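What the coordinates show
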Amino acid sequence: MTPSAVLHRHLHQAPTLALSGEGSYISLEDGRRILDATGGAAVSCLGHNNEHVKQAMIDQINQLSYCHTAYFSTKPFEELASLLIESTGGKMSRVYIVGSGSEAMEAAMKLARQFYLEKRNPEPQRTKFIARNQSYHGITIGSLSMGGHKFRRELFEPILLPNVSHVSPCNPYRNRKDSESDADYVARLVDELDAEFQRLGPETVCAFVAEPVVGAAMGCVPSVPGYFKAMKAVCEKYGALFILDEVMSGMGRCGTLHAWQQEDVVPDMQTIGKGLGGGYAPVAGLLIGDRVIKTLEESTGSFRHGHTYQGHPVSCAAALAVQKAIQKDNLVENVREMGIVLEEELRKRLSDHPHVGDIRGKGLFWGIEFVRDKTNKEPFDPKSQLAFRIQDKGLEAKHSISLYGGQGTADGVSGDHILLAPPYNSTREEIVRIAELVQGVVEDVFGELDD
Ligand code: PMP
């Protein structure tokens, strides 16, 4: 008998029904009350059941639930776009709103292509993209092609786009040699990117794409200082666009509204998602800088692209209310403060654990990578599904915490990891509780494994 009509991830086993949410907690049908330490997939930045956001959505539905934004604009769409542009200090100039991070990446890829076609001196030969191994940029064919997440790509490899190649990510724990300083490491990664441009033919590359802090594919890995400035310089040298994917790491998650603001490396385009609407509506976006926009303005004046639900009025109203709440309550500051608490608590409780290889992150975006052997960083065999065991253990009634697990790769590019992304308005008590629970889960899982 089919247990559910839904095409769940596991066809034979529907997950437990989630009935309600309040703040950082989700209540399940079987009585468990789960501390949502990851906000789903780093989404629920305000927690659940926020009255202001709900009211803004109801007000918008009462006014106008839908119109096609190819023909009409709406107040929440305009206001949201202005707020986002303002939040970049005017460094971005237009906003395109879609329903998911994958759609935002697709839009970025197509806009990059159109940009080169519409330049005063067109460059139609620019058809290639360079991204990074162990990155994640979405699940549709274009965005999956851009990503370097081996597990998510492998079944679909033959139907992915052939014009995307991948260079090494910046992951000091895994890739930096003991003898290397940050500057040496960056110089090595610059050389690799430069060589990839040369291999492809620099005049054929549209853009380099990267996540400021790698989320789903490696578990919250920030780059070393100076890395993005150096990567952007390579793009500039060859006239390619520099695109940042801030779907997971942006909109306040890392302690500044935009992750690039911490190094002041302004991208030509930037995708945003998750924290934009905090999960109240499926909403993501693309912020586009002057270089691209001016070219289109001076040429066809139109982006040859469009979705039925682009700029959806209720999604925009939700995102606007979420962003206003973040501003009003200084929540990005709270992210920075609580981030320090989370880091301290995690390090205090887990640094000495024999299977905790690395604890890293920024703001309220932290990852823990597990290794079989700490001395040589040997990861667990991905077949052991360690990260998912930790995730499942967290959901047991004893712990009742939601963790986001990610599998390591067989080649050791990354080990099994979990990711933490609590709401921006988390209290100190909640953050300490998260660390306590994570410690308990880790001890239980390895206790069982080492027995
Ligand atoms: N880019 C990044 C960096 C992401 O983390 C994700 C989602 N995890 C996406 C793109 C794709 O977003 P979505 O799942 O909303 O399509």
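No experiment lies behind these values; they were computed from the predicted model shown.

Focus on the overall build of the chain
Helix and strand counts for the chain stand at 14 helices and 17 strands. Over its C-alpha atoms the chain spans a radius of gyration of 22 Å, differing by no more than 12% from the 22 Å that the globule rule assigns to 451 residues. With the C-alpha coordinates aligned to their principal axes, the bounding extent of the chain is approximately 65 × 60 × 50 Å. Per-residue burial over the chain gives 49% buried out of 451 residues. Sequence separation of at least 24 residues holds for 71% of the intrachain contacts in the chain that already meet a minimum separation of 6.

What to know about the environment of threonine 204
As for its position among the elements, threonine 204 is in the loop between α8 (182–200) and β7 (205–210). In the structure, threonine 204 is positioned 145 residues away from aspartate 59 in sequence and 48 Å away in space, judged by C-alpha atoms. When sequence neighbours within four positions are dropped, the list of residues in contact with threonine 204 reads Gln125, Arg126, Thr127 and Lys128.

A word on the nonpolar core
In this structure, Ala108, Ala207, Phe208, Leu241, Ala318 and Val322 are the most contacted members of the largest nonpolar core, which totals 125 residues. At 10 residues, helix α11 (residues 313–328) tops the list of elements feeding residues into this core. Mapped onto the domain boundaries, this core takes at least three residues apiece from domain 1 (18–49 + 330–450) and domain 2 (53–328). When neighbours within four sequence positions are excluded, alanine 108 is seen to be in contact with Ile243, Met269, Thr271 and Leu286.

Concerning the pairing of strand β1 (residues 18–22)
For β1, the tally of buried residues reaches only 0 of 5 residues, placing the bulk of the element at the surface. Pairing between β1 and strand β2 (residues 25–28): 4 bridges, direction antiparallel. Bridge pairing in β2 places glycine 21 opposite isoleucine 26. Adjacent in sequence and paired antiparallel, β1 and β2 are bridged by 2 residues, among which glycine 23 carries a positive phi angle near 55°.

Here we look at the domain arrangement of the chain
If you check the domain split of the chain, you get domain 1 (18–49 + 330–450) and domain 2 (53–328). Using only C-alpha atoms to locate each centre, domain 1 and domain 2 end up separated by 26 Å. The interface of domain 1 with domain 2 comprises 33 residues on the first partner and 31 residues on the second. Of all elements in the fold, only α1 (39–42), α12 (331–350), β13 (356–362), β14 (365–370) and β17 (417–420) reach the threshold of two or more residues within the side of domain 1 that touches domain 2. Broken down by class, the residue content of the side of domain 1 that touches domain 2 amounts to 16 nonpolar, 12 polar and 5 charged.

Points about the sheet that holds β13
Either a parallel or an antiparallel arrangement is found when strands of a sheet pair, and the pairing is made through backbone hydrogen bonds. Taken in spatial order, the 4 strands line up as β13-β14-β17-β16 in an open sheet, and their pairing is antiparallel. Two strands bound the open sheet, and with one partner strand each, they are β13 and β16 (404–406). In this sheet, adjacent strand axes meet at a mean angle of 20° when their direction is disregarded. Of the strand pairs in this sheet, β16 and β17 are connected by 3 bridges, and their pairing is antiparallel. Considered in β17, the bridge of glycine 405 is made with isoleucine 418.

Description of the site of the ligand
The immediate surroundings of the ligand are formed by 17 residues, with Ser100, Gly101, Ser102, Val247 and Met248 found nearest. With 3 residues, helix α4 (residues 101–118) is the largest single contributor of residues to the shell around the ligand. Across the shell around the ligand, the residue classes tally to 8 nonpolar, 7 polar and 2 charged.

Here is what the cut-offs are and how they apply
Residues numbered from 1 in each chain as written. Predicted model: local features only at pLDDT ≥ 70, side-chain atom pairs only at ≥ 80, totals over all residues. Helix = DSSP H or I, 4+ residues; strand = E, 2+ residues; numbered from the N terminus. Rg over C-alpha atoms; globule rule 2.2 N^0.38 Å. Buried ≥ 20, exposed ≤ 12 C-beta atoms within 10 Å, placed from the backbone. Contact = placed C-beta atoms within 7 Å. Core = buried A, V, L, I, M, F, W, Y, C linked by C-beta atoms within 7 Å. Domains from an automatic or database assignment. Pairing = 2+ DSSP bridges. Nonpolar A, V, L, I, M, F, W, Y, C, P; charged D, E, K, R; others polar. Axes fitted to C-alpha atoms, helices over the stretch in contact; angles between N-to-C directions. Near = placed C-beta within 6 Å.

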